[in-house]
Amino acid sequence: MSFGFSFWISIIVVVALVLTALVGVEAAKLDFLFGVIIPYAAFAIFIIGMIYRVVKWGRSPVPFRIPTTAGQQKSLPWIKESKIENPSTAFGAFVRMVFEVLLFRSLFRNTRTELHSGPRLAYASSKWLWIAALAFHYSFLVILLRHLRLFTEPVLLPITWLESLDSFFQVTLWGAPLLYISNVVLLLAIIYLFLRRVFIPTLRYISLPGDYFPLFLILGIGITGVLMRYFFKVDVVGIKELTMGLVTFAPKVPEGISVFFYIHLFLVSALLAYFPFSKLTHMAGVFLSPTRNLANNNRMKMHINPWNYPVKVHTYEEYEEEFRHFMKDSGIPVEKEE
Ligand code: HEM
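Each residue is numbered by its place in its chain's sequence as written, counting from 1. In keeping with the predicted nature of the model, local features appear solely for residues at pLDDT of at least 70, side-chain atom pairs appear and are counted solely at 80 or more, and the whole-chain, interface and lining totals rest on all residues. With hydrogens and water excluded, all non-hydrogen atoms of the structure serve as input to the side-chain values.

**Considerations on the site of the ligand**
Link 1 in the chain: Any residue with at least one heavy atom within 4 Å of a molecule or strand is counted as near it. Around the ligand, 22 residues are found, and the nearest of them are R146, H147, N183, G225 and H264.
Link 2 in the chain: For this analysis, a polar contact is any N or O atom pair within 3.5 Å, provided that within protein one partner can donate a hydrogen and the other can accept it, and provided that sequence-adjacent residues contribute only side-chain to side-chain pairs. The contact in question runs from an oxygen atom of the ligand to an N or O atom on the side chain of R229, over 3.4 Å.
Link 3 in the chain: H264 is positioned such that a nitrogen or oxygen atom in its side chain is 2.8 Å from a nitrogen atom of the ligand.
Link 4 in the chain: Numbering of helices and strands runs from the N terminus; a helix is a DSSP stretch of H or I covering at least four residues, while a strand is a stretch of E covering at least two. Elements represented by at least two residues in the shell around the ligand include exactly α5 (128-147), α9 (209-231), α10 (236-247) and α11 (259-274).
Link 5 in the chain: Amino acids are sorted into nonpolar (Ala, Val, Leu, Ile, Met, Phe, Trp, Tyr, Cys and Pro), charged (Asp, Glu, Lys and Arg) and polar (every other residue, Gly among them). Partitioned by chemical class, the residues of the shell around the ligand number 15 nonpolar, 5 polar and 2 charged.

Given below as structure tokens:
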């Protein structure tokens with residue numbers, strides 16, 4: 001699939017989503033559809049889709065441990081063991097998982113390959129992707145946690161602490177509310193993750209619509225959110241009435257909510273509904289990754305494949321017994337004479 005196609009189709013779909021919400025709310029006055037029905041449907045697809053994916057992965061046979069990670073496994077007592085990289089205990093595997101989930105450890109260890117004249121193959125450190133990935137995921141998490149303000153009454157104290165921390169620099173632009181660090185970091189990280197796909201030729205070559213679309217969608221969500229907070233004042237009281245109605249299953253749509261909110265919410269709904277069918281499921285998949293969540297105790301424990309069933313075999317002896325006559329006729333050597 002060409003770069004042009006993957007790029008443009010993703011842009012077109014995101015723009016079409018924005019226009020759908022714009023026309024749906026402004027022209028067709030379908031506030032209830034975009035404010036209640038679609039968000040509920042998207043949330044249901046997200047939950048059911050993710051449960052389906054996790055159950056499907058959970059049922060896949062993992063009959064043996066896969067010690068493909070680097071690091072010395074547990075061996076003789078005088079050989080130093082790599083307890084986190086190649087753990088032999090469940091606790092070690094847990095610690096490895098914590099590092100993976102919270103610090104993206106395997107991405108930190110990621111290297112890039114370069115072919116120099118000679119030809120000479122070289123491996124170099126590649127930390128920018130790791131930094132951008134951390135920046136992106138943590139700012140996203142902070143924004144989501146702050147959004148809990150819209151879904152809780154009274155607002156939980158830790159959420160207000162997080163807001164103060166996030167607006168720590170006390171910067172205001174054009175008399176708008178305090179600037180959140182997470183907003184700047186999120187937008188910069190998405191732009192970096194997008195540009196690296198465009199400017200690194202090998203990466204551009206393997207990038208598909210499934211790589212660009214989520215980036216553009218999240219960028220669209222971020223931009224509409226930023227527009228609402230800093231540029232076009234929205235009726236946050238009315239919006240909170242709507243969001244509290246959603247979580248208490250008593251939905252109502254107050255008058256006068258800006259169309260920016262509906263576009264924001266429609267893009268979020270699209271993201272939720274798309275999530276279980278996309279590469280974004282790595283959010284759940286990382287916990288089920290056998291190279292991360294299993295201790296390497298192959299040398300200490302006998303692992304028997306629990307899915308083994310009696311297999312009907314035909315040994316070479318039996319084969320020769322059956323075909324010896326024909327084999328000899330054709331001049332094929334046999335192990336036993338008649
Ligand atoms: C994937 C999920 C979401 C992301 C990434 C996201 C992102 C953002 C961002 C970056 C902002 C800018 C200001 C800020 O950071 O608080 C924002 C604002 C806002 N978002 Fe979201 N959002 C999400 C989901 C939602 C949902 C589900 C709702 C409501 C149903 C919502 C309602 C709002 C509102 C009302 C604002 C303006 C807040 C203000 O003016 O202070 N967002 N969003």
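**Examining the coordination of the iron atom of the ligand**
Link 1 in the chain: Note that water is not among the atoms used; donors are N, O and S atoms within 2.8 Å of the metal (3.2 Å for Na, K and Ca), so sites may look incomplete. Protein-derived coordination of the iron atom of the ligand comes from H147 (NE2) and H264 (NE2), at a distance range of 2.0 Å.
Link 2 in the chain: Every donor counted, the 6 donor atoms about the iron atom of the ligand form angles of 86 to 178 degrees at the centre, which fits octahedral coordination. In this pair, H147 sits in helix α5 while H264 sits in helix α11, placing the two residues 117 residues apart along the sequence.
Link 3 in the chain: For each residue, the accessible area found with a 1.4 Å probe, counting protein chains only, is set against the maximum for its type, and the residue is called buried under 20%, exposed over 50%, and partly exposed in between. Judged by relative accessible area, H264 falls into the buried class, the value being 11%. In short, tetrahedral needs four donors with all angles between 85 and 135 degrees, square planar needs four and octahedral six donors with opposite donors over 155 degrees apart and all other angles between 65 and 115, and whatever is left is irregular.

**A closer look at unusual backbone geometry**
Link 1 in the chain: Of note, the amide linkage connecting G118 to P119 takes the cis form, showing an omega dihedral of -5 degrees.
Link 2 in the chain: When you line up the elements, P119 lands in the loop between β1 (111-116) and β2 (120-125).
Link 3 in the chain: Cis peptide bonds are those with omega within 30 degrees of zero, and the linkage from E153 to P154 qualifies with 0 degrees.
Link 4 in the chain: Its location among the elements puts P154 in the loop between α5 and α6 (157-166).
Link 5 in the chain: Phi is positive for K29, which is not a glycine, with a value near 55 degrees.
Link 6 in the chain: Despite not being glycine, Q170 shows a phi value in the positive range, around 55 degrees.

**Section: the pairing of β2**
Link 1 in the chain: Strands were regarded as paired on the criterion that DSSP finds at least two bridges between them. Sheet topology places β1 next to β2; 6 bridges connect them, and they run antiparallel. Note on β2: the bridge partner recorded for R112 is A124.
Link 2 in the chain: Between the antiparallel neighbours β1 and β2 lie 3 residues, among them G118 with a positive phi of about 145 degrees.

**Overview of a negative patch on the surface**
Link 1 in the chain: Residues enter a patch when their relative accessible area is above 30% and they make no salt bridge; the linking distance is 9 Å between like charges and 5 Å between nonpolar side chains (Val, Leu, Ile, Met, Phe, Trp, Tyr). Only the protein chains shown count as cover for residues, and all accessible areas are computed by the Shrake-Rupley method using a 1.4 Å probe. The term salt bridge refers to a side-chain nitrogen of Lys or Arg lying within 4 Å of a carboxyl oxygen of Asp or Glu. His is not counted, nor are the chain ends; Lys and Arg add positive charge and Asp and Glu add negative charge. Charged side chains are reduced to one point each, which is NZ for Lys, CZ for Arg, CG for Asp and CD for Glu. Side chains of E317, E318, E322 and E335 sit close together on the surface and give a patch of like negative charge.
Link 2 in the chain: Of note, E335 is situated in the segment after α14 (316-329).

**A few points about the confidence of the model for the protein**
Interpreting fine coordinate detail is not advised for predicted regions of low pLDDT.
Link 1 in the chain: A residue's pLDDT is simply how confident the predictor is in it, with values from 0 to 100. When pLDDT is averaged across the protein, the result is 93; 100% of the residues are at 70 or more.
Link 2 in the chain: Of all secondary-structure elements in the protein, the lowest mean pLDDT belongs to β1, at 84, while α11 reaches the highest, 98.

**Notes on the side chain of S182**
Link 1 in the chain: Relative to the assigned elements, S182 resides in helix α7 (residues 181-199).
Link 2 in the chain: Residue contacts follow a heavy-atom distance rule, with two residues in contact if any of their heavy atoms lie within 4.5 Å. Beyond its immediate chain neighbours, meaning those up to four positions away, S182 contacts S139, V142, I143, R146 and D166.

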